[in-house]
Amino acid sequence: MNYTEFDSYVRKWIFTHASMPVAEADLVQIKPFTQARSAQLWCEHVSNQSSDADHFEKGDWAFDKKIWSEAIDWQQAWDSDEPELPAELLADIKWEDNTTIFFCYEKYNIIETKWGVFKRNWKNFLFFDDGPLLLGRKQKQVVWFQSNGTFQLATRP
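All figures in this text were calculated on a predicted structure; none of them were measured in a lab. (Residues numbered from 1 in each chain as written. Predicted model: local features only at pLDDT ≥ 70, side-chain atom pairs only at ≥ 80, totals over all residues. Heavy atoms only, no water.)

**Observations regarding the packing of aromatic side chains**
This is how the line gets drawn: Whether two aromatic rings pair depends on their centres lying within 6.5 Å, for rings of Phe, Tyr and Trp, where Trp uses its six-membered ring; planes under 30 degrees apart make the pair stacked, over 60 edge-to-face, and the rest tilted. Strands here mean DSSP runs of E at least two residues long; helices mean DSSP runs of H or I at least four residues long; both are numbered from the N terminus. Buried, partly exposed and exposed residues are distinguished by accessible area as a fraction of the type maximum, computed with a 1.4 Å probe on protein chains only: under 20%, between the cut-offs, and over 50%, respectively.
Counted under the stated rule, the structure contains 21 aromatic pairs. Judged by centre distance (5.1 Å) and plane angle (15°), the rings of tyrosine 3 and phenylalanine 33 are stacked. Here the residue tyrosine 3 occupies a position in the segment before helix H1 (13-16), and phenylalanine 33 occupies one in the loop between strand S1 (31-32) and helix H3 (35-45), the gap between them amounting to 30 residues. Since its relative accessible area comes to 29%, tyrosine 3 is described here as partly exposed. The class of phenylalanine 33 is buried, set by a relative accessible area of 5%. An angle of 65° between the planes, with centres 5.2 Å apart, marks the rings of phenylalanine 103 and phenylalanine 125 as edge-to-face. One end of the pair, phenylalanine 103, is in strand S3 (residues 100-106); the other, phenylalanine 125, is in helix H6 (residues 115-125), with 22 residues separating them in the sequence. Across this residue pair, the class does not change: phenylalanine 103 and phenylalanine 125 are buried. Three or more aromatic residues joined by ring pairs make a cluster, and in this case those are Phe6, Phe15, Trp74, Trp95, Phe103, Tyr105, Trp115, Phe118, Phe125, Phe145 and Phe151.

Here it is, written out as structure tokens:
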């Protein structure tokens with residue numbers, strides 16, 4: 001089994017909180033992976049050495065500072081009443097809404113959903129902003145959200 005039951009997901013509340021509820025049609029498309037499957041995906045797509053984005057090491061593709069863009073603010077858009085992702089992010093990420101994405105909080109906590117679902121509910125996903133990575137399956141672009149309210153873009157090898 002690859003997925004955890006959504007009702008058992010530890011961070012379910014960030015998607016069901018009364019202040020920012022996610023529409024039922026989107027909620028059913030937010031699929032937390034089991035810890036084992038998350039770890040497998042993390043090792044395949046992110047790192048065999050580090051368990052979270054704060055501890056990338058030499059040998060991890062994400063360790064190379066030269067691949068990352070300048071930091072761009074996301075906090076201002078998150079704090080606003082407008083639902084859209086920051087324009088700079090939308091300008092660079094041109095994925096189709098049905099693109100499968102992995103939102104990686106850390107090695108043992110990854111969620112699968114669609115790009116369109118993420119775009120509509122990105123503020124919920126970023127309730128926890130401890131350096132999560134956003135990867136598109138079969139896509140080379142990656143977004144690294146920093147807890148200081150910025151994000152950086154890169155292209156994976």
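Read on, since the account is not over.
**Focus on the sheet that holds strand S7 (residues 150-155)**
The line we're drawing: Any two strands with at least two DSSP bridges between them are considered paired.
Strand order across the open sheet formed by seven strands is S1-S4-S3-S5-S6-S7-S2, with antiparallel pairing between neighbours. Looking at strand neighbours, the two that pair on one side only are S1 and strand S2 (72-73), the edges of this open sheet. Looking at chain direction, S1 and strand S4 (residues 109-114) are connected through two bridges and run antiparallel. Paired with proline 32 across the strands is isoleucine 111, a residue of S4.

**Concerning the nonpolar core**
Just so we agree on the cut-off: Among buried residues, those of type Ala, Val, Leu, Ile, Met, Phe, Trp, Tyr and Cys that are joined through side-chain atoms within 4.5 Å constitute a nonpolar core. By the convention used here, residues are in contact when the closest approach between their heavy atoms is within 4.5 Å.
Ranked by internal contacts, the top residues of the largest apolar core, which has 29 residues, are Phe15, Ile30, Phe103, Phe118, Leu134 and Phe145. Broken down by secondary-structure element, the contributors of at least two residues to this core are H1, S3, H6, strand S6 (141-145) and S7. In terms of residue count, H6 provides more of this core than any other element does, five residues in total. Those residues in contact with phenylalanine 145, other than ones at most four positions away along the chain, are Trp74, Leu89, Phe103, Phe118, Leu126, Asp129, Gly131, Pro132, Leu134, Thr150 and Phe151. Counting residues in hydrophobic clusters, the runner-up holds 17 residues, among them Phe33, Trp42, Val142 and Trp144.

**Some remarks on the environment of arginine 37**
Rules: Definition of a polar contact: a pair of N or O atoms within 3.5 Å, with one able to donate and the other able to accept a hydrogen when the atoms are protein atoms, and with sequence-neighbouring residues admitted only if both atoms are side-chain atoms.
Topologically, arginine 37 is positioned in helix H3. Sequence separation of arginine 37 and glutamate 70 is 33 residues, and the distance between their C-alpha atoms is 32 Å. When near neighbours in sequence (up to four residues on either side) are disregarded, arginine 37 contacts Asn2 and Glu44. Within the structure, the side chain of arginine 37 is placed 2.9 Å from the side chain of glutamine 40, a separation counted as a polar contact.

**Observations concerning H3**
To be explicit about the condition: This arc describes the spread of directions from the helix axis toward the C-beta atoms.
Considered for burial, the residues of H3 that qualify are Ser38, Ala39, Leu41 and Trp42. The buried residues of H3 occupy one face: seen down the axis, they fall within an arc of 165°. For H3, the elements touching its buried residues are S3, S4 and strand S5 (133-136).

**A closer look at the pattern of salt bridges**
Condition: Any Lys or Arg side-chain nitrogen found within 4 Å of a carboxyl oxygen on Asp or Glu counts as a salt bridge.
Under the counting rule described, the total for this entry stands at three salt bridges. Salt-bridge contacts for lysine 12 lead to aspartate 7; the nearest nitrogen and oxygen are separated by 3.0 Å. We classify lysine 12 as partly exposed; its relative accessible area is 26%.

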